[in-house]
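# Structure at a glance
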Amino acid sequence: MFGPTPNSKINEIIDFNHREPKFFKLYEATINLIKEKFKLNEFDICLLSGSGSLAIESLIFSSRYKINTIGPKGVFFKRWNSLSEYYNPIKAEKKTLDLYCAYETSISEFFVAKNSIVDAVCAFPYYSIPKDSIAFGTVSNKLIGAAPLISIVGVRKDKWNLFND
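Below is a short write-up of the structure. (Residues numbered from 1 in each chain as written. Predicted model: local features only at pLDDT ≥ 70, side-chain atom pairs only at ≥ 80, totals over all residues. Heavy atoms only, no water.)

### Overview of the overall build of the chain
We apply this condition: In this description a helix means any DSSP run of H or I spanning at least four residues, a strand means any run of E spanning at least two, and both kinds are numbered starting from the N terminus. Each residue is assigned to one of three classes by its accessible area relative to the maximum for its type, calculated with a 1.4 Å probe on protein chains only: buried under 20%, partly exposed between the two thresholds, exposed over 50%. By definition, residues are in contact when any of their heavy atoms lie within 4.5 Å. Using a 1.4 Å probe, accessible areas were evaluated by the Shrake-Rupley method; residue-level cover was limited to the displayed protein chains. Charge counting treats Lys and Arg as positive and Asp and Glu as negative, with His and both chain ends excluded. We put the charge of a Lys on NZ, of an Arg on CZ, of an Asp on CG and of a Glu on CD.
Check the secondary structure of the chain and you find three helices and eight strands. The principal-axis extents of the C-alpha atoms in the chain amount to approximately 50 × 35 × 25 Å. By the burial criterion, 38% of the 165 residues in the chain qualify as buried. In the chain, once contacts between residues fewer than 6 apart in sequence are set aside, the share between residues at least 24 apart is 57%. Roughly 9800 Å² of accessible area belongs to the chain as shown, and the carbon and sulfur atoms make up 55% of that amount. Side-chain charges of the chain comprise 21 positive and 17 negative groups, with the mean position of each set lying 2 Å from the other.

Okay, structure coming up:
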């Protein structure tokens, strides 16, 4: 349902590693393709080796501010709220950033908010990333249907001040 199956055939042979110039060229080309294909040029895109949950947790952990989970109260609301509570005590700043799940699969509910961090794991690319989003996280193997499991994190170019390096 969410992407490659045991019947998927992948005919690519990769004969280089992640420290070689070929990899960096492929990485840059992939980032540019994502930005172009999905109209995400106002975001810096980062690929991580991991799940959609890793993408969202990396945004929660990296935030300079406390995270306030909003939206439908399903499984992922509870997961992000729990992680936010875990990481929030170490945040010195008083400001908060909102985080929501765009498509809460546990209760089949779509939600959108302005100026927030977006869990787009089960929404993207069927639902576009709102242009005013602070950041988003998704994954390659769900709705995009790519064979490798790659977290995709996007941060608006003008919002890096909200995150730690």
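### So, the nonpolar core
Heads up, the condition is: Here, nonpolar core refers to any group of buried Ala, Val, Leu, Ile, Met, Phe, Trp, Tyr and Cys residues whose side-chain atoms link them within 4.5 Å.
Judged by nonpolar contacts, the single largest core of 20 residues is most densely connected at Ile60, Ile117 and Phe163. For this core, the elements supplying multiple residues, two or more each, are helix 2 (52-62), helix 3 (75-87), strand 3 (96-101) and strand 8 (150-156). Core analysis: the next-biggest nonpolar cluster, separate from the first, contains 16 residues, Ile34, Leu47, Tyr100 and Phe124 among them.

### A word on the sheet that holds strand 2 (residues 66-70)
Our working rule: Whether two strands pair depends on DSSP finding at least two bridges between them. Only the stretch in contact is used when a helix axis is fitted, and all axes are lines through C-alpha atoms; the angle between N-to-C directions ranges over 0 to 180 degrees.
Across the sheet, which stays open at both edges, the six strands sit in the order 1-8-7-6-3-2 with mixed pairing between neighbours. Whereas interior strands pair on both sides, the edge strands pair on one side only; in this sheet they are strand 1 (43-49) and strand 2. Recorded for the sheet is a direction-independent mean angle of 20° between the axes of neighbouring strands. Taken together, the five bridges between strand 2 and strand 3 define a ladder with parallel strand orientation. Bridged to Lys66 within strand 3 is Thr96.

### Quick look at the environment of Ser49
Along the polypeptide, Ser49 turns up in strand 1. Since its relative accessible area comes to 74%, Ser49 is described here as exposed.

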